[in-house]
Amino acid sequence: MIKRIVCMAALLLSSPGWTQAPPLAKGQLRLPEFAALTDKASESVTVTLDPQLLGLACRFLNSEDPEQAAARQLCTSLTGIYVRSYSFDSDYAYPKADIDAVRRQLSAPGWSRLVEARSRKEQTDVDVYVLIDGGKARSLAIIASEPREFAIVNVVGNIDLEQLHALEGKFGVPQLEIETGKKSGVEKSPAPKK
Amino acid sequence: MSQDIENELRRALRPVDAPADFTARVMRALPPRPASAEVVMLDVVRSRAQPSWWSRFSTPAALAASLLVAIMAGRHVALEHEERQQLAGLEASRKLMQALRVTSQKLDLVYEAMQRPPPVTPPAEENRS
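In what follows, the accompanying structure is described. All values derive from a computational prediction rather than experimental measurement.

Now for the overall build of chain A. Scanning chain A from terminus to terminus reveals seven helices and six strands. Reading chain A from its N end, one meets helices and strands in the order α-α-α-β-α-α-β-α-β-β-β-β-α. A total of 194 residues make up chain A; the buried ones form 43% of that total. Intrachain contacts of chain A at a sequence separation of at least 6 include 61% that bridge at least 24 residues. As displayed, chain A has an accessible area near 10,900 Å², and 53% of this comes from carbon and sulfur atoms.

Structural data, given as structure tokens:
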């Protein structure tokens, strides 16, 4: 009897639900926790909005506020938004290895780099990636790093580039001149380092 | 003949008054009457027989009070849940706006970088190529 209980317990503990992290949605990046950075950073923004929380957030957006109304329209097609953004008082106080680990996930099939912006003068690197599946953008990832700041943004869901285009001017989203339906993988390096 | 029989019968069956001591004799002939049992009313029976106001209304009152408490507790829990949900929703929407702002800030960086003119290649390099 005891043997049986031990076997059952071993079986339960070895099941994926106990030992592994919850499965990620398609297009969702496995972002490091960066827990140690929160204390070191002068400013930090950590947003984890899974489908459930995102749905709740959408319901509580004020339709009378133009910004929130636009966000509401956008978030209905999304299934998750994950942001890790940190600012520091000193240069390169963040572990580049963690950012590289995220970057490596973006080399998986399906992901394409939409924009690669490098500013030597400001030492700013920004990469925009999209996950294309069935001819549609299913996920967007932005990795931006500066000497005293870095941010990783992962927006999961049916990303309508038209909608993103329509958001230009709101929230300060710039005119990205994204051609909808255009094959991704457009790499632009307006200010390459070398 | 028949008249005689009839007369005989009438005579035989004529009503006769009971003798004076008839009742006494019958009563004497009866078995002795058992003493009537004393009925003692139990407290339970007495209380049932005459229910007090409290005993009559305590159960319905308790049920009503329980129902009222259940309704009030349910309402309180529902209100608390709604309040918690509202707080969570407001917090989530604040986070959502924050996330979109960070996203737009980073896209601004891309935009700025894209607007910058490409670095001018030195003429010496041009000659070399």
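This is not the end of the story, as more comes after the structure.
Next up on the list: helix H5 (residues 66-75) of chain A. Residue and element names in this part refer to chain A. For H5, the set of buried residues is Gln 68, Ala 70, Ala 71, Leu 74 and Cys 75. On an axial view of H5, the arc spanned by its buried residues comes to 160 degrees, and they lie on one face. In this structure, H5 carries Pro 66 and Gln 73 as exposed residues pointing more than 90 degrees from its buried face. Capping the start of H5, Asp 65 holds a side-chain oxygen 2.9 Å from the backbone nitrogen of Glu 67, two or three residues further along.

This paragraph deals with the pairing of strand S4 (residues 124-133) of chain A. Residue and element names in this part refer to chain A. In terms of burial, S4 is a largely internal element, eight of the ten residues being buried. Between strand S3 (residues 111-119) and S4, which pair antiparallel in sequence order, lie four residues; one of them, Gln 123, sits at a positive phi of approximately 50 degrees. Between S4 and the antiparallel strand that follows it, strand S5 (residues 136-146), lie two residues; Gly 134 among them carries a positive phi value of about 60 degrees.

By the element assignment, B:Gln85 lies in helix H4 (residues 53-115). The class for B:Gln85 is partly exposed, based on a relative accessible area of 31%. If near-sequence neighbours (up to four positions away) are discounted, B:Gln85 is found in contact with A:Leu56, A:Arg59 and A:Phe60.

Residue and element names in this part refer to chain A. Under the defined criterion, the tally for this structure stands at one disulfide over all chains. Disulfide pairing is shown between Cys 58 and Cys 75; the S-S distance is 1.8 Å. Separated by 17 residues along the polypeptide, Cys 58 in helix H4 (residues 51-59) and Cys 75 in helix H5 bring together distant segments of the chain. When its relative accessible area of 3% is taken as the criterion, Cys 75 is described as buried.

What follows deals with empty space enclosed by the protein. Where empty space is left becomes clear once a probe the size of a water molecule has been rolled over the atoms. The full count for this structure, using the stated rule, is two cavities of 30 Å³ or more. Counted as a void, the second largest cavity has a volume near 40 Å³. The wall of the second largest cavity is formed by A:Ala117, A:Arg118, A:Ser119, A:Glu122, A:Thr124, A:Val126, B:Leu109, B:Ala113 and B:Arg116. Of all elements in the fold, only S3 and S4 of chain A together with H4 of chain B reach the threshold of two or more residues within the lining of the second largest cavity.

Each side of the interface is counted separately: chain A has 43 residues, and chain B has 30 residues. At the surface where chain A touches chain B, the tally comes to two salt bridges. Measuring nitrogen to oxygen at the nearest pair gives 2.7 Å for the salt bridge that ties A:Glu67 to B:Arg101. Seen at the junction of chain A and chain B, the total is three residue pairs in polar contact (both at pLDDT 80 or more). Looking at the side of chain A that touches chain B, its residues break down into 29 nonpolar, seven polar and seven charged.

Quick look at the packing of H5(A) against H4(B) now. Where H5(A) meets H4(B), the closest approach of the two axes is 11 Å, and the angle between their N-to-C directions is 90 degrees. When the axes of H5(A) and H4(B) are compared, the pair comes out roughly perpendicular. Where H5(A) approaches H4(B), its residues A:Glu67, A:Gln68, A:Ala71, A:Leu74 and A:Cys75 are matched on the opposing element by B:Leu96, B:Met97, B:Leu100 and B:Arg101. The residue makeup of the contact of H5(A) with H4(B), split by class, is six nonpolar, one polar and two charged.

The backbone of A:Phe34 shows a phi angle near 55 degrees, a positive value even though the residue is not glycine. Relative to the helices and strands, A:Phe34 resides in the loop between helix H2 (16-19) and helix H3 (35-40).

Turning to a nonpolar patch on the surface, a few remarks are in order. Residues and elements named next belong to chain B. On the surface, Phe 22, Val 26, Met 27 and Leu 30 cluster together into a nonpolar patch covering about 370 Å² of accessible area. Inspection of the secondary structure puts Val 26 in helix H2 (residues 22-29). Of the residues examined, Val 26 reaches a relative accessible area of 36% and is grouped as partly exposed.

What counts and what doesn't
- Residues numbered from 1 in each chain as written.
- Chains lettered and ligands numbered in written order.
- Predicted model: local features only at pLDDT ≥ 70, side-chain atom pairs only at ≥ 80, totals over all residues.
- Heavy atoms only, no water.
- Helix = DSSP H or I, 4+ residues; strand = E, 2+ residues; numbered from the N terminus.
- Buried < 20%, exposed > 50% of the residue type's maximum accessible area, 1.4 Å probe, protein only.
- Contact = heavy atoms within 4.5 Å.
- Areas by Shrake-Rupley, 256 points an atom, 1.4 Å probe, with all protein chains shown as cover.
- Arc of directions from axis to C-beta.
- Polar contact = N/O pair within 3.5 Å; in protein donor to acceptor, adjacent residues only side chain to side chain.
- Pairing = 2+ DSSP bridges.
- Disulfide = S-S within 2.5 Å.
- 1 Å grid on protein atoms, 1.4 Å probe; cavity = no way out; pocket = protein on both sides within 12 Å on 5 of 7 lines; lining within 4 Å.
- Points joined across faces, edges and corners; volume = space filled by probe spheres on them.
- Salt bridge = Lys/Arg side-chain N within 4 Å of Asp/Glu carboxyl O.
- Nonpolar A, V, L, I, M, F, W, Y, C, P; charged D, E, K, R; others polar.
- Axes fitted to C-alpha atoms, helices over the stretch in contact; angles between N-to-C directions.
- Parallel < 35°, antiparallel > 145°, perpendicular 65-115°, else oblique.
- Patch = residues over 30% accessible without salt bridge, like charges linked within 9 Å, V, L, I, M, F, W, Y side chains within 5 Å.

Remember, this is a structural readout, not a statement about activity or role.
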